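# Secondary and tertiary structure notes
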Amino acid sequence: MGGFFGVASHQDCVFDLFFGIDYHSHLGTRRGGMAVYGQNGFNRAIHNIENSPFRTKFDKDVHEMKGFYGIGCISDYEPQPLIIRSHHGTYALTTVGKINNTKELTKKLFDNGHAHFQEMSGGEINATELVAALINQKENLIEGISYAQNIIDGSMSILLMNHAGVYAARDKMGRTPVVIGRKNGAFCASFENFAYKNLGYLDYKELGPGEIVVMTDKNCVTLVNPNKEMKICTFLWVYYGYPASSYEGVSVEQMRYNCGEKMAERDNVQPDIVAGVPDSGTAHAVGYANKSGIPFSRPFIKYTPTWPRSFMPTIQSKRDLIAKMKLLAVEELIRDKSLLLIDDSIVRGTQLRETTEFLYQSGAREVHIRPACPPLLYGCKYLNFSRSSSEMDLITRRVIERLENGNVTDEVLQEYADPESEKYEQMVEEIRKELNFTTLRYNRLDDMLESTGIDKSKLCTYCWNGKE
């Protein structure tokens, strides 16, 4: 997916920028980038961080770069930030989001006289470069940013830096967060609000959907007021958000406790212990254990010093290998036990099947699986959660395709999304058998949404029920 961080300071900002970006490393493992502006103009560094962490790759740059404005990112796909020279002058740009209508936008730009795009490996266009081309269609930067956000099918949050300051723009539906922090002589903009706390910043404001601000060392001024309608991604709380994060005032960790409690209230099994798949399932499991009174335990541990996050590698065989090898069993806590295991979600099912087999091989008597979110029925249209090109990568869709003999319509999918329907029960049972779980019960959509404490109309649920 990716995350970004920007700083406007009356003194050198590189230290804050470096650590602010690094605090977004949980959101991506492919590339990192920093760009600064100061007395010597623009300076930029981009590195591949697949085999070593952001801090290691940028250690030399942080000692050489200087500037009072800075932006940077952790990115899964595009090399960024980019330095753009246009009729707006020179500016740096970094983005977080997803563009579904790249071909249409590219054709429109070519028809309007745009000369070319640099091709990335794989033949794709750099999404940030495309955003810059859209911004450059308008007479000023603010009109350009708004134009880009409105014409893009998907979502797009933006940090843009020039000689006048750092511009921050949250995507038009607020699907991803942008928060502003403040300390004496500096403002910052961040995807994650915890990223600036240890750097001395205090919460200043959270941008609303479509809101655009400009930051200098002295102030943060709203240039475009926020839209009224919001559809923030609920999966941020369930999985992607770091435990110390909060969105729209709701703590990620507390929301996960709430989810676990809701699941416990509806459950009727009596396992010996409750455990979470580390790390994103752990808080859900704590909530379940606290509510049910069943002991929480850690029957296996994730070896984090060297293994990257398992969903990041693009090659499926490598992803599966990492998912298996990074988990270490505590066999004394597994042997002859009935385990209830909570994971954040089931996507392909490969990793959880491997984990379940691993527990059986370690002596588990039963393995009850409780995903913390409902069955994923639709691929996300709004955020780059994965590079998957087919919804058939979802285990739910493969099972439904089999059950319906290939006749899968949106109307049929709506039946499978209903936890009270026979089709839903049939789907869950087929998944249980395929993945070899003792029992399988998903968290309900209504319970999960209630766990956030936010008005349901403001939460995006597309990947679970196809409703925008």
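Worth saying up front: this structure is predicted, and the values here are computed from it rather than measured.

It is worth spelling out the overall build of the chain at this point. In terms of regular secondary structure, the chain is built from 16 helices and 23 strands. At 23 Å, the chain has a C-alpha radius of gyration in line with the 23 Å of a compact globule built from 468 residues. With respect to the principal axes defined by its C-alpha atoms, the chain has extents near 65 × 45 × 40 Å. In the chain, which comprises 468 residues, the share counted as buried stands at 57%. Intrachain contacts of the chain at a sequence separation of at least 6 include 67% that bridge at least 24 residues. Accessible surface, the chain as shown: approximately 19,900 Å² in total, 45% of it carbon and sulfur.

Here we take up the pattern of salt bridges. Should the charged atoms of two oppositely charged side chains come close, the side chains can pair. Overall, the coordinates contain 22 salt bridges when judged by the stated rule. Note that Lys423 is salt-bridged to Glu404, the shortest N-O span being 2.7 Å. Residue Lys423 is found in helix H14 (residues 422–435), and its partner Glu404 is found in the loop between helix H12 (395–403) and helix H13 (410–417); the two are separated by 19 residues along the sequence. A relative accessible area of 15% places Glu404 in the buried class. What emerges from the salt-bridge pattern is a single network uniting Arg402, Glu430, Lys433 and Glu434.

Turning next to helix H8 (residues 252–266). Residues that lie three or four places apart on an α-helix share one face, since the helix turns once every 3.6 residues. Over its 15 residues, H8 extends 22 Å from the first C-alpha to the last, a length consistent with the 21 Å expected when each residue adds 1.5 Å. For H8, the set of buried residues is Val252, Met255, Arg256, Cys259, Gly260, Lys262, Met263 and Ala264. Looking at the packing, one finds that the buried side of H8 touches helix H7 (235–240), strand E15 (246–247), strand E16 (250–251), helix H9 (282–292), strand E20 (338–342) and helix H15 (445–452). Measuring from the side-chain oxygen of the N-cap residue of H8 to the backbone nitrogen of Glu253 gives 3.3 Å; that N-cap residue is Ser251.

Here the focus is the state of the cysteines. If you walk through the whole model with that rule in mind, you get zero disulfides. Considering cysteine sulfurs only, Cys220 is the nearest to Cys188, which forms no disulfide, with 9.9 Å between them. Note on Cys188: relative accessible area 0%, which makes it buried.

Criteria and thresholds
- Residues numbered from 1 in each chain as written.
- Predicted model: local features only at pLDDT ≥ 70, side-chain atom pairs only at ≥ 80, totals over all residues.
- Heavy atoms only, no water.
- Helix = DSSP H or I, 4+ residues; strand = E, 2+ residues; numbered from the N terminus.
- Rg over C-alpha atoms; globule rule 2.2 N^0.38 Å.
- Buried < 20%, exposed > 50% of the residue type's maximum accessible area, 1.4 Å probe, protein only.
- Contact = heavy atoms within 4.5 Å.
- Areas by Shrake-Rupley, 256 points an atom, 1.4 Å probe, with all protein chains shown as cover.
- Salt bridge = Lys/Arg side-chain N within 4 Å of Asp/Glu carboxyl O.
- Expected span 1.5 Å × (residues − 1).
- Polar contact = N/O pair within 3.5 Å; in protein donor to acceptor, adjacent residues only side chain to side chain.
- Disulfide = S-S within 2.5 Å.

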